[in-house]
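Summary of the model geometry
Chain by chain, the residues:
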Amino acid sequence: MESKSDAFVRIATQTHTTSASSSVVDYAIEMRNVNVYYGAFRAVKDVNLQIEARKITAIIGPSGCGKSTVIRCFNRMNELIPGARLTGEVLFHGKNIYDPDVDPVQVRRLIGMVFQKPNPFPKSIYENIAWGARINGYRGNMDELVEESLRQAALWDEVKDDLHKNALALSGGQQQRLCIARTIAVKPEIILMDEPCSALDPIATLKIEDLMRELARDYTIIIVTHNMQQAARVSDYTAFFTVDEDRAGVMVEYGPTNQIFTRPRDRRTEDYITGRFG
């Protein structure tokens, strides 16, 4: 009998496209009427969002508007918070990842996450990459996987002679790229990044931004950032969130980044981007 984990992986590996007249738009993941509650408080209200595949989508907005809550919806990380619950649907290849027959562990393998603060395991650089792949059943050549993942994360040339060095000895920027390599190693489709550069210096930040542009050739990337310049530099699409009168996070506007930053349709978007509030 097929387990729910196997069933979800099978569904997730099927091609899923949405047609619009003669064009075909490939959506990596979609939110439909999503609300998120922490106890009785509604933190995010009525979000509808379609994320295009192999593009970078930035989520911006003032503190407290639910940006991190929204990005955690994409791989069910909010479930780890006591009292959190979600209504609506999050569709991945047409399947609602919140259906009871879907294993959240498998969701998080296919939709990986890089956190605000680098969090390498207290193991060697090599084992940081190999560990996740190993527990996910990888049976190939581990040396090749480690090298490939580190190359994709633009870290191989810096660490290839020190693979058995403790990862905690790396610089902050190197640690964050190692965490990205660790995420890549389990072959996700989507990479979530929750303010991945907020703890890094400008040089390390630019390296991560360059890396994101490279990775977007093969992966869908969704990034939360407080840095307007970063969102404008790296993203293809931008979603602007703010809070309503009930302090719930609401999506005000979503579209191509160039349009959001130069010709926003909503005055609230313009006020935030130009620094009038937030």
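Cut-off values and rules
- Residues numbered from 1 in each chain as written.
- Predicted model: local features only at pLDDT ≥ 70, side-chain atom pairs only at ≥ 80, totals over all residues.
- Heavy atoms only, no water.
- Phe/Tyr/Trp six-rings, centres within 6.5 Å; stacked < 30°, edge-to-face > 60°.
- Helix = DSSP H or I, 4+ residues; strand = E, 2+ residues; numbered from the N terminus.
- Lys NZ or Arg CZ within 6 Å of the ring centre and 35° of its normal.
- Salt bridge = Lys/Arg side-chain N within 4 Å of Asp/Glu carboxyl O.
- Buried < 20%, exposed > 50% of the residue type's maximum accessible area, 1.4 Å probe, protein only.

Observations concerning the packing of aromatic side chains
- In the structure shown here, the tally under the stated rule is 3 aromatic pairs.
- The interplanar angle of 35° and the centroid separation of 6.1 Å between the aromatic rings of Tyr-237 and Tyr-254 together place this pair among those described as tilted. With Tyr-237 in strand E11 (residues 237-243) and Tyr-254 in strand E12 (residues 249-256), this residue pair connects regions lying 17 residues apart in the sequence.
- Here the basic side chain of Arg-76 rests over the ring of Tyr-98, its NZ or CZ set 5.3 Å away from the ring centre.
- Positioned above the aromatic ring of Phe-121 is the side chain of Arg-182, whose terminal nitrogen or guanidinium carbon lies 4.1 Å from the ring centre.

Points about the pattern of salt bridges
- A complete count under the given rule lists 17 salt bridges for this structure.
- With a closest N to O distance of 3.6 Å, Glu-30 and Arg-32 form a salt bridge.
- Residue class for Arg-32 comes out partly exposed when judged on its relative accessible area of 39%.
- For Glu-158, the salt bridge goes to Arg-177, with nearest N and O atoms at 2.8 Å. In this pair, Glu-158 is assigned in helix H6 (residues 156-159) and Arg-177 in helix H7 (residues 172-185), connecting sequence segments 19 residues apart.
- Here Arg-177 falls in the buried class, since its relative accessible area comes to 4%.
- Residues joined in a network through salt bridges with shared partners are Lys-45, Asp-244 and Asp-246.

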